[in-house]
There are 4 protein chains.
Amino acid sequence: MANFKYQQSCHTDLALEMKEEWEQFEKLTGVEVSTSKYCHKKICQTRIKIVDEEGERALGKPKGNYVTLEVKNLEEDVKQGLSRLIAKNLDILTEGAENILIAGLGNRSVTPDAIGPKVLNDLLVTRHLFECDLIHESEKGMRVVSAISPGVMAQTGIETMEILKGIVDRIKPQVIIVVDALAARSSNRLNRTVQLSDTGISPGAGVGNNRQEMNENTLGVKVVALGVPTVIAVPTLISDAISGFLTLLNDEQVGHMENVLTEQEQYKLAEELVKPYFCDMFVTPKNIDEEVQIISQCIAKGMNAFIKG
Amino acid sequence: MANFKYQQSCHTDLALEMKEEWEQFEKLTGVEVSTSKYCHKKICQTRIKIVDEEGERALGKPKGNYVTLEVKNLEEDVKQGLSRLIAKNLDILTEGAENILIAGLGNRSVTPDAIGPKVLNDLLVTRHLFECDLIHESEKGMRVVSAISPGVMAQTGIETMEILKGIVDRIKPQVIIVVDALAARSSNRLNRTVQLSDTGISPGAGVGNNRQEMNENTLGVKVVALGVPTVIAVPTLISDAISGFLTLLNDEQVGHMENVLTEQEQYKLAEELVKPYFCDMFVTPKNIDEEVQIISQCIAKGMNAFIKG
Amino acid sequence: MANFKYQQSCHTDLALEMKEEWEQFEKLTGVEVSTSKYCHKKICQTRIKIVDEEGERALGKPKGNYVTLEVKNLEEDVKQGLSRLIAKNLDILTEGAENILIAGLGNRSVTPDAIGPKVLNDLLVTRHLFECDLIHESEKGMRVVSAISPGVMAQTGIETMEILKGIVDRIKPQVIIVVDALAARSSNRLNRTVQLSDTGISPGAGVGNNRQEMNENTLGVKVVALGVPTVIAVPTLISDAISGFLTLLNDEQVGHMENVLTEQEQYKLAEELVKPYFCDMFVTPKNIDEEVQIISQCIAKGMNAFIKG
Amino acid sequence: MANFKYQQSCHTDLALEMKEEWEQFEKLTGVEVSTSKYCHKKICQTRIKIVDEEGERALGKPKGNYVTLEVKNLEEDVKQGLSRLIAKNLDILTEGAENILIAGLGNRSVTPDAIGPKVLNDLLVTRHLFECDLIHESEKGMRVVSAISPGVMAQTGIETMEILKGIVDRIKPQVIIVVDALAARSSNRLNRTVQLSDTGISPGAGVGNNRQEMNENTLGVKVVALGVPTVIAVPTLISDAISGFLTLLNDEQVGHMENVLTEQEQYKLAEELVKPYFCDMFVTPKNIDEEVQIISQCIAKGMNAFIKG
């Protein structure tokens with residue numbers, strides 16, 4: 001049976017999941033992939049490099065580097081290893097930049113969207129110390145870091161891109177790192193995965209809100225993105241459940257659904273089921289407040305190691 | 001096609017939704033129902049009285065009175081009407097009790113489970129004022145109210161019922177009112193519905209956690225429950241989606257699924273789909289933090305009007 | 001006995017308290033004052049206009065208009081009256097501006113400094129609705145409002161003035177309204193007073209942090225300030241206590257301190273007493289969390305009435 | 001000059017500060033004191049044993065053991081050392097008890113009073129795991145721990161002692177550990193000191209609220225108290241400032257105040273100065289929210305080490 005694909009762009013913000021999805025049905029070209037294990041195999045790092053337009057089309061994302069760090073749990077040693085890998089990958093992706101603006105995107109009043117503001121709470125901000133000459137001689141190797149949590153457009157009335165552009169124009173960082181919550185497809189990746197990329201972001205892409213993109217074109221400086229999936233969109237969940245249901249039917253040869261329903265018919269049916277939930281409902285772990293707290297602190301620790309240089 | 005019923009007790013904590021579900025397929029006996037509209041039809045009140053064991057079996061709940069207040073939005077006039085109806089129904093269900101212990105159940109660190117503790121934040125607690133003779137002459141008509149948010153067993157290590165029983169034994173209230181978050185089946189009821197009953201509660205019943213029941217048998221005093229649905233369990237959502245999917249198939253006569261799948265087969269398939277999500281994932285509105293805040297304040301206002309007498 | 005004045009600029013951010021202090025000892029010139037009562041005398045409004053340099057020197061503040069709204073409590077009718085007066089005064093001070101940026105200054109993680117961010121939580125932000133043409137015909141009289149809570153320099157590494165200037169340059173508002181927490185001298189004014197002015201602000205002036213000023217010179221657009229005192233600086237408290245102590249001694253003619261201690265000697269002594277507490281300790285009401293919540297909501301309501309026009 | 005003592009019992013909850021105060025003026029009898037340094041002298045532990053009624057009168061506290069742990073900062077190694085010393089002292093004070101109820105006293109909505117509830121957020125609660133036989137063989141050495149944050153009387157209408165007594169009667173612990181916020185006299189002890197004792201507590205004693213005592217007499221089981229000073233009462237601050245002021249005057253021989261003011265006269269004057277602030281104002285560090293978070297986590301870590309055995 002063909003896959004039950006609909007509104008693909010809505011499924012996930014993770015390049016890794018797009019890749020997995022694609023490979024179920026077709027050979028992937030235009031994309032280079034390599035995988036490494038760390039921390040006694042408790043951390044899996046996947047590097048995905050989209051090298052041409054074929055790769056862009058397959059994964060629905062622009063050319064560039066995507067690094068996914070996956071963990072199964074957040075025990076003490078895993079958190080430390082994850083922090084170290086975040087620091088190392090930021091070091092690579094920012095290519096020696098010394099002067100960095102970190103933007104914590106998202107709405108701090110909505111727990112699964114608060115990753116960005118929460119990471120910034122624990123961040124080592126240094127720019128004002130350099131400006132006022134309050135940095136110890138021994139700490140002069142630190143990066144010059146400023147930080148802002150601008151809020152979302154419903155709170156500010158302003159495109160986040162516009163706010164960042166205004167600040168960039170005044171303080172002239174070499175790189176922006178944006179930290180944001182993402183949507184995933186698989187429940188066991190929520191709050192257990194960190195994606196880093198050097199291609200900028202389209203905030204809200206995974207859950208159907210299209211905001212202005214933030215990348216080198218729009219902001220005038222390189223944009224490195226660090227994201228954590230915290231929710232599954234309801235349509236994704238339902239679509240996956242129905243797809244799984246049809247597969248089960250098929251496996252057990254009770255339904256022969258492939259003869260009964262064309263892909264188009266499936267799509268039409270699913271859309272009707274999904275409609276009432278579309279915009280505002282999300283699937284999250286029950287203890288989302290606690291999980292967001294833990295992963296945010298872990299990311300802040302990694303970013304602080306990167307800042308200290 | 002027969003309905004896709006599985007693990008029925010897990011679907012919903014609302015007597016109203018149990019009734020709706022039952023009536024899709026069978027005539028309901030042993031239950032008396034009446035409906036009224038308030039506030040320019042913006043509030044719908046449904047009284048359900050389960051009168052015998054047939055009613056108990058149909059709705060999966062003990063004999064007694066269940067009042068459901070439903071609103072479509074929480075505009076200012078609707079909130080005021082809802083508060084008034086909460087006060088009035090508490091007055092009826094507590095049957096003239098003057099000395100009341102109010103228990104805010106749930107985990108205040110888990111937003112959709114925090115309704116109980118949040119309501120208690122805004123409650124007019126009076127017992128200590130009476131004890132210390134700090135009540136104005138003009139306020140002597142007020143009820144004597146004490147309140148406790150004991151937390152959940154994962155926080156306390158103690159059955160909530162045990163904690164309440166210990167307090168009841170010392171301060172001897174005439175009635176306990178327990179305030180708790182519930183699970184519903186329908187997304188448009190979340191944070192828009194209040195259920196009051198005089199039969200006690202089984203906390204966590206709607207989401208698969210079985211805690212010791214709190215009712216007149218276990219606590220020694222009458223237990224009035226006030227609950228608000230804040231989540232849909234993921235299996236409920238998936239089961240409903242698949243059920244809807246099958247209905248659609250059937251309506252369009254593409255599948256003739258009723259010949260293909262017995263109810264048992266459907267159940268088995270659904271269980272497999274549901275398994276990976278079973279325990280810890282919930283569906284909530286994105287702005288759950290804000291919605292829980294608003295409905296909690298509205299309930300507290302109603303309870304305070306009841307307390308003032 | 002002469003007053004025990006030291007580091008006068010540190011005492012209070014309220015023009016009204018500066019005026020009271022000055023008038024204890026000298027005639028006030030260069031300043032026009034008028035007082036009105038509202039809401040059955042439960043709200044006192046004082047308009048202070050600093051008209052020349054003599055007035056500037058006396059009150060330690062630039063020429064312009066200062067309106068102080070004082071209430072004794074925050075009962076329902078008082079809150080409504082206060083909201084109305086805030087709306088009316090903003091209307092006057094913004095002089096017909098239609099396009100407004102509202103900045104909530106302060107650190108949201110430090111309760112007495114969180115007035116600005118908290119007010120913004122409840123604000124009616126409209127600019128994006130106008131941009132996307134989502135405004136009802138009937139609501140076209142509303143002001144075009146954008147809003148930002150930039151955080152403090154310790155969080156951002158950037159002067160708040162710089163962040164606002166960057167945003168102003170991109171979205172070109174006609175007026176900025178800055179909302180901020182202030183320091184006062186009198187404990188009964190904390191969370192019970194709102195000061196509005198049209199002269200911009202020097203954030204942290206009342207508690208000894210000198211940040212870059214925000215006014216028409218630095219930002220290029222008119223700056224209206226709305227502030228609420230939430231703390232007393234510890235040196236202010238101690239200085240006032242010692243001053244009161246000396247007055248009492250004098251009144252009872254036990255000490256004849258005026259012959260014993262010159263003003264300079266008093267100053268020197270006080271400084272030594274104050275030193276260990278200087279930077280980081282504050283005096284706040286015990287229930288500061290609750291009080292900040294209430295006054296913030298009251299201000300947001302007033303600002304929303306102003307925004308609706 | 002004699003000390004400026006007034007309302008001594010209001011000054012501080014720390015036995016250590018009572019001792020220091022007493023020793024300024026008189027020899028201390030009925031009390032045994034020993035001091036040790038840990039963690040490269042960054043932690044100072046003082047054991048005070050009140051052995052008879054003379055000691056009780058001097059320190060204003062009942063016979064028993066008081067251990068004070070003082071640190072200068074909360075750097076990583078200091079926090080670890082402090083946690084270890086908390087675990088060790090709890091082990092000694094609980095005298096081999098296996099079944100323990102931990103009560104987090106205070107009001108979680110009032111930051112400086114929230115130490116107790118915050119510590120409980122991070123506590124390893126085990127009683128329900130033992131009851132349900134969910135404890136690993138390897139973990140059977142753990143203590144059986146239950147926990148409750150009952151709230152304060154203004155929230156519950158019930159004396160905290162009554163709530164605890166009710167729970168004790170049902171679950172029969174061998175020891176209760178109460179965790180609470182305290183008042184201190186010295187600003188550099190706030191959030192930097194932990195006091196442990198085996199004599200129970202009078203909650204609110206340090207800030208003038210007299211609640212029912214919790215000790216072996218009232219609760220029927222031994223009560224170990226763990227407290228952290230988070231505030232200075234305003235009268236304490238003012239009284240200390242005036243006392244310091246008079247000392248300075250004296251040292252510089254400008255005033256000869258000892259001839260001018262009797263101790264009684266000083267007391268009378270101070271009372272008048274203090275009156276307007278008496279009940280509801282406190283002195284706290286500006287970053288109290290952050291400091292309470294850090295010390296609470298450090299205490300929870302120490303208690304968890306104690307629980308693991």
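Residues numbered from 1 in each chain as written. Chains lettered and ligands numbered in written order. Predicted model: local features only at pLDDT ≥ 70, side-chain atom pairs only at ≥ 80, totals over all residues. Heavy atoms only, no water.

**So, the interface of chain C and chain A**
We count it as follows: Contact definition: two residues touch when any of their heavy atoms are within 4.5 Å. Values labelled buried area give the accessible surface lost by two parts on being combined, using a 1.4 Å probe and summing over both. Throughout this description, the term salt bridge denotes a Lys or Arg side-chain nitrogen within 4 Å of a carboxyl oxygen of Asp or Glu. Any pair of N or O atoms that falls within 3.5 Å is considered a polar contact. Within protein, one atom must be able to donate a hydrogen and the other to accept it, and sequence-neighbouring residues count only if both atoms are side-chain atoms. Helical segments are the DSSP runs of H or I of at least four residues, strand segments are the runs of E of at least two, and each set is numbered from the N terminus. All residues other than Ala, Val, Leu, Ile, Met, Phe, Trp, Tyr, Cys, Pro, Asp, Glu, Lys and Arg, Gly among them, are scored as polar; the first ten of these are nonpolar and the last four charged.
Each partner contributes residues to the interface: chain C has 24 residues there, and chain A has 24 residues. Of the roughly 2000 Å² buried between chain C and chain A, counting both surfaces, carbon and sulfur atoms make up 58%. Here chain C and chain A share four salt bridges between them. When the shortest N-O distance is used, the salt bridge between Arg-170 of chain C and Asp-169 of chain A registers 3.6 Å. Where chain C meets chain A, there are eight residue pairs in polar contact (both at pLDDT 80 or more). Elements that contribute at least two residues to the side of chain C that touches chain A include exactly helix 5 (127–131), strand 5 (144–148), helix 6 (153–156) and helix 7 (160–171) of chain C. Among the elements that line the side of chain C that touches chain A, the one with the most residues is helix 7 of chain C, at eight residues. Tallied by class, the residues present in the side of chain C that touches chain A amount to 11 nonpolar, seven polar and six charged.

**So, unusual backbone geometry**
All names here are of chain C. Put simply, the test is: Exposure is judged per residue with a 1.4 Å probe applied to protein chains only, and the accessible area is read against the type maximum: over 50% gives exposed, under 20% gives buried, and values in between give partly exposed.
We note that Lys-41 has phi near 65 degrees; this positive angle belongs to a residue other than glycine. Examined against the element boundaries, Lys-41 turns out to sit in the loop between strand 1 (31–38) and strand 2 (43–50). A relative accessible area of 68% means that Lys-41 is categorised as exposed.

**A look at the pattern of salt bridges**
Residues and elements named next belong to chain C. By the definition in use, this model includes 56 salt bridges over all chains. A salt bridge links Glu-291 to Arg-192, with the shortest nitrogen-to-oxygen separation between them at 3.2 Å. One end of the pair, Glu-291, is in helix 12 (residues 288–308); the other, Arg-192, is in the loop between strand 6 (175–183) and strand 7 (193–197), with 99 residues separating them in the sequence. Residue Glu-291 shares its accessibility class with Arg-192, and that shared class is buried.

**Observations concerning the packing of helix 3 (residues 76–93) of chain D against helix 12 (residues 288–308) of chain D**
The geometry of a pair of packed helices is captured by two quantities: the angle between their axes and the separation between those axes. Residue and element names in this part refer to chain D. What counts is decided by this rule: Inter-axis angles, ranging from 0 to 180 degrees, are taken between N-to-C directions of lines fitted to C-alpha atoms, where helices are fitted over the stretch in contact. Our angle categories are set so that under 35 degrees counts as roughly parallel, over 145 as roughly antiparallel, 65 to 115 as roughly perpendicular, and the remainder as oblique. Crossing handedness is defined as follows: a turn of the near helix away from the far one that is anticlockwise and smaller than a right angle gives a left-handed crossing, while the clockwise case is right-handed.
Close contact between helix 3 and helix 12 brings their axes to 8 Å; oriented N to C, the two are set at 45 degrees. Considering the angle they form, helix 3 stands oblique to helix 12. As helix 3 runs across helix 12, the sense of the crossing is right-handed. Every residue of helix 12 that contacts helix 3 at Lys-79, Leu-82, Ser-83, Ile-86, Ala-87, Leu-90 and Asp-91 is listed here: Ile-294, Ile-295, Cys-298, Ile-299, Lys-301, Gly-302, Met-303, Ala-305 and Phe-306. Among the residues making up the contact of helix 3 with helix 12, the classes are represented as 11 nonpolar, two polar and three charged.

**Topic: the relation of the copies chain C and chain A**
Stated precisely, the cut-off is as follows: Copy-to-copy superposition: least squares on the C-alpha atoms, limited to residues that have pLDDT of at least 70 in both copies.
Turning chain C through 180 degrees and shifting it by 0.0 Å along the axis lays it on chain A, with an RMSD of 0.0 Å. Both chain copies can therefore be described as sitting about a two-fold axis. Closest approach to the rotation axis within chain C is made by the C-alpha atom of Gly-166 of chain C, at a distance of 2.1 Å. An overlap of 100% is found between the interface residues of chain C and their copies at the interface of chain A, pointing to a shared contact surface.

**With respect to the environment of Val-31 of chain C**
All names here are of chain C. Structurally, Val-31 can be placed in strand 1. Residues Val-31 and Asp-52 lie 21 residues apart in sequence; the distance between their C-alpha atoms is 7.5 Å. In this structure Val-31 touches Ile-48, Lys-49, Ile-50, Val-51, Gly-55 and Leu-59, once residues within four positions along its chain are discounted.

**Quick word on the environment of Asp-113 of chain B**
Tracing the backbone through its elements, the reader meets Asp-113 of chain B in the loop between strand 4 (99–104) and helix 4 (115–121). The buried category is assigned to Asp-113 of chain B, whose relative accessible area is 15%. In contact with Asp-113 of chain B, not counting residues within four places along its chain, are Lys-286 of chain A together with Leu-105, Gly-106, Asn-107, Val-152, Asp-180 and Ala-181 of chain B.

**Let's talk about helix 3 (residues 76–93) of chain B**
Residue and element names in this part refer to chain B. Using the following cut-off: What a helix is expected to span follows from its residue count: subtract one and scale by 1.5 Å.
Spanning 18 residues, helix 3 covers 26 Å between terminal C-alpha atoms, matching the ideal 26 Å at 1.5 Å per step. What helix 3 keeps buried is the set Val-78, Gly-81, Leu-82, Ser-83, Leu-85, Ile-86, Ala-87, Asn-89, Leu-90 and Leu-93. Just downstream of helix 3 lies Glu-95, where phi reads positive at about 50 degrees.

**Observations regarding the confidence of the model for chain A**
All names here are of chain A. Our working definition: Values of pLDDT, which run from 0 to 100, indicate the predictor's confidence residue by residue.
Mean pLDDT over chain A stands at 86; residues scoring 70 or higher make up 83%. When the criterion is pLDDT under 50, residues 1–10 qualifies, and its contacts beyond four places in sequence or with other chains add up to 29 contacts. The complex model carries a pTM of 0.87, and its ipTM stands at 0.88.

**Thoughts on the environment of Phe-130 of chain C**
Residues and elements named next belong to chain C. Mapped onto the fold, Phe-130 is located in helix 5. Note: C-alpha distance between Phe-130 and Met-142 (12 residues apart in sequence) is 9.7 Å. In this structure Phe-130 touches Ile-135, Lys-140, Met-142, Arg-143 and Val-144, once residues within four positions along its chain are discounted.

**Here's the deal with the pairing of strand 2 (residues 43–50) of chain B**
Residues and elements named next belong to chain B. The criterion, for reference: By the convention used here, strands pair only if DSSP detects at least 2 bridges between them.
The buried fraction of strand 2 amounts to six of the eight residues, a majority that puts the element mostly inside the structure. Where strand 1 (residues 31–38) meets strand 2, eight bridges bridge the pair, whose relative direction is antiparallel. Residue pairing in the sheet places Val-33 in a bridge with Ile-48 of strand 2. Where strand 1 hands over to strand 2, the hairpin turn is made up of four residues, of which Cys-39 adopts a positive phi near 60 degrees.

**Considering the pairing of strand 6 of chain C**
Consecutive side chains of a regular strand alternate in pointing toward one face of the sheet and then the other. Residue and element names in this part refer to chain C. When you tally the buried positions in strand 6, you get nine out of nine residues, the bulk of the element. Neither face of strand 6 is exposed, since Val-175, Ile-177, Val-179, Ala-181 and Ala-183 on one face and Ile-176, Val-178, Asp-180 and Leu-182 on the opposite face are all buried. Examined bridge by bridge, strand 4 (residues 99–104) and strand 6 share five bridges and lie parallel to one another. Bridge pairing in strand 6 places Ala-103 opposite Val-178. Both strand 6 and strand 8 (residues 222–233) contribute to a ladder of nine bridges, which runs parallel. Following the sheet pairing, Val-179 is matched in strand 8 by Leu-226.

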